[in-house]
Every structure is written in C-alpha cells, then in structure tokens.
Amino acid sequence: MTEILAVALITVLAVISPGADFAMVVRNSYLYGRRTGVLAATGVAAGVLVHVSYTMLGVGLLIASSTALFTAIKLAGAAYLVYIGVRTFFARNDLSVDLAPASGLSPFGALRAGFLTNALNPKTTLFVVSTFTQVVGPDTALWRQAGYGVFMSVAHFGWFGLVALFFSHSHLRAAMLRRQKILNRSIGSVLVGLGVTLGLAR
C-alpha cells in the first residue's frame, strides 16, 4: 500500500510540474485547436510508455548506473527542446483569429510532437527511472510494475488533456491568438531555456 501511494504521489507531482510537455501542449492547443491539443496530449502519454518499457526491461538500471549513457540521452533531449524552442520563437506565420481548426499541423504531426517531447524529455527519464529504481522494489510483480507504468501514462493524458481543453477554449484561444507573436516568443524562450538548463545540468 505504501508503494502504491508513493508511486501515485510522485506521478502526480511530476505530471503537474511545468516543463516542455506543458509548453508544447499549450502552444498546439491555442494555435491549432482542441483536437490537435488532445492529440499532442496523447503523444505525451505514449512517450511516457517508452521510458516505462525500457526501465522494466532493465535498461533503466543501466542508465542509472552509466553516466555516459544518461548524459547522451540528456543531451539529445536538451537539443530537441532547443530545436523546437527556436522554431517556436521565430515562427512568422500569423494566424487570423479564426476559431475553426487551423491548418498547419496534421494529426500525425500533433501525435509525433507530443511523443518526441516526452520520449526525449530528460525530466520524464529521471521521473520514471528514479521511481522504478528507488520506490518500486525488485520483488514487485511484473503485472504491478506494468500497472504503475499505465497509471503514469494515463495520468499524463488526463492532465495534459485538461490543459488542451482549457487552452483551446474559444474565448481564451481568441485572446491568445491576438497575442501569438508574444506568446510564441515566450514559449520558445521557455523551451530553449529548459533545453539549455537540462543540457548544462550535472
């Protein structure tokens, strides 16, 4: 029971802490509408399962013990955050305040953006690996470990789905679209800052 509560608490705190996934879902929701935001949230949830899968297979223990491997993953994730941050910052396509679903990001593109954001997110790597290596015991049944992983993924989808619904609301979306250049630069700066911070962190 203590293990379940610990996993649940760590998961909730990790999910609601602001990061690249939050910035990406917010941007896609207000720019492209509710459907795209929810698809991005689905991709975020799927990205969590990547970390759960390799951790359950034992690679997480290798990452936890290998500084070089973890550094490589961290730098790849940091580079991806800087890349999407720079693209967002310098985005020049002005969108008219039209609350119909905007073109520019396909359903697959929305899923891919969410998936890559979390699959390459060092914060998610640390969250999953540390939870499984420090809270979940080696004697924990595989079915229960899989259950924890599914819970982590569902929690991400639930939270970021709500974020997508909130930021794609018609009134809020219209207000944000009128200020899209400022928002793009703000979100882009946050993403670049997160990438640089994670890349330099020891």
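Quantities reported herein were computed from a predicted structural model and do not represent experimental measurements.

Caption draft 1: Spatial organisation of a nonpolar patch on the surface. Taken together, the side chains of Leu9, Val12, Leu13, Ile16 and Phe151 present a nonpolar region at the surface, about 450 Å² in accessible area. With 4 residues, the single largest contributor to the nonpolar patch is helix α1 (residues 2–16). Here Leu13 lies in helix α1.

Caption draft 2: How the structure looks around the confidence of the model for the chain. Mean pLDDT over the chain works out to 80, with 83% of the residues at or above the 70 mark. The model gives residues 95–101 a pLDDT under 50, and that stretch makes 15 contacts with residues more than four places away or in other chains.

Caption draft 3: Local environment of the nonpolar core. Ranked by internal contacts, the top residues of the largest apolar core, which has 21 residues, are Met24, Val25, Val26, Phe160, Val163, Ile187 and Leu191. Listing elements by their share of this core, those giving two or more residues are α2 (20–32), α3 (34–56), α8 (142–167) and α10 (180–200). Looking at which element gives the most residues to this core, the answer is α2, with 8 residues. Not counting the four nearest positions on each side in its chain, Ile187 is found in contact with Ala23, Val26, Arg27, Tyr30 and Thr88. In this structure, Val7, Val48, Val52 and Phe132 belong to the second largest nonpolar core, which totals 10 residues.

Caption draft 4: Summary view of the packing of α2 against α3. Two elements in contact, α2 and α3, have axes separated by 7 Å at closest approach and are oriented at 160°. Accordingly, the angle class assigned to the pair α2 and α3 is roughly antiparallel. The two elements α2 and α3 meet at a crossing, and its hand is right-handed. Here Asp21, Met24, Val25, Asn28, Ser29 and Tyr32 of α2 lie close against α3, whose contacting residues are Arg34, Thr36, Gly37, Ala40, Ala41 and Val44. Its residues assigned to classes, the contact of α2 with α3 shows 6 nonpolar, 4 polar and 2 charged.

Caption draft 5: Structural view of the packing of α2 against α8. Close contact between α2 and α8 brings their axes to 8 Å; oriented N to C, the two are set at 35°. Judged by the twist between their axes, the crossing of α2 over α8 is right-handed. Residues Asp21, Phe22, Val25, Val26, Ser29 and Tyr30 of α2 form the contact with α8, whose participating residues are Trp159, Phe160, Val163, Ala164 and Phe167.

Caption draft 6: Inspection of the environment of Gly158 at higher detail. With respect to the helices and strands, the residue Gly158 is situated in helix α8. Residue Gly158 is classed as partly exposed on the basis of its relative accessible area, which comes to 36%. Residues Gly158 and Val15, 143 residues apart in the sequence, show an inter-C-alpha distance of 9.6 Å.

The rules behind the values
- Residues numbered from 1 in each chain as written.
- Predicted model: local features only at pLDDT ≥ 70, side-chain atom pairs only at ≥ 80, totals over all residues.
- Heavy atoms only, no water.
- Patch = residues over 30% accessible without salt bridge, like charges linked within 9 Å, V, L, I, M, F, W, Y side chains within 5 Å.
- Areas by Shrake-Rupley, 256 points an atom, 1.4 Å probe, with all protein chains shown as cover.
- Salt bridge = Lys/Arg side-chain N within 4 Å of Asp/Glu carboxyl O.
- Helix = DSSP H or I, 4+ residues; strand = E, 2+ residues; numbered from the N terminus.
- pLDDT = per-residue confidence, 0-100.
- Contact = heavy atoms within 4.5 Å.
- Core = buried A, V, L, I, M, F, W, Y, C linked by side-chain atoms within 4.5 Å.
- Buried < 20%, exposed > 50% of the residue type's maximum accessible area, 1.4 Å probe, protein only.
- Axes fitted to C-alpha atoms, helices over the stretch in contact; angles between N-to-C directions.
- Parallel < 35°, antiparallel > 145°, perpendicular 65-115°, else oblique.
- Left-handed = near helix turned anticlockwise from the far one by under 90°.
- Nonpolar A, V, L, I, M, F, W, Y, C, P; charged D, E, K, R; others polar.

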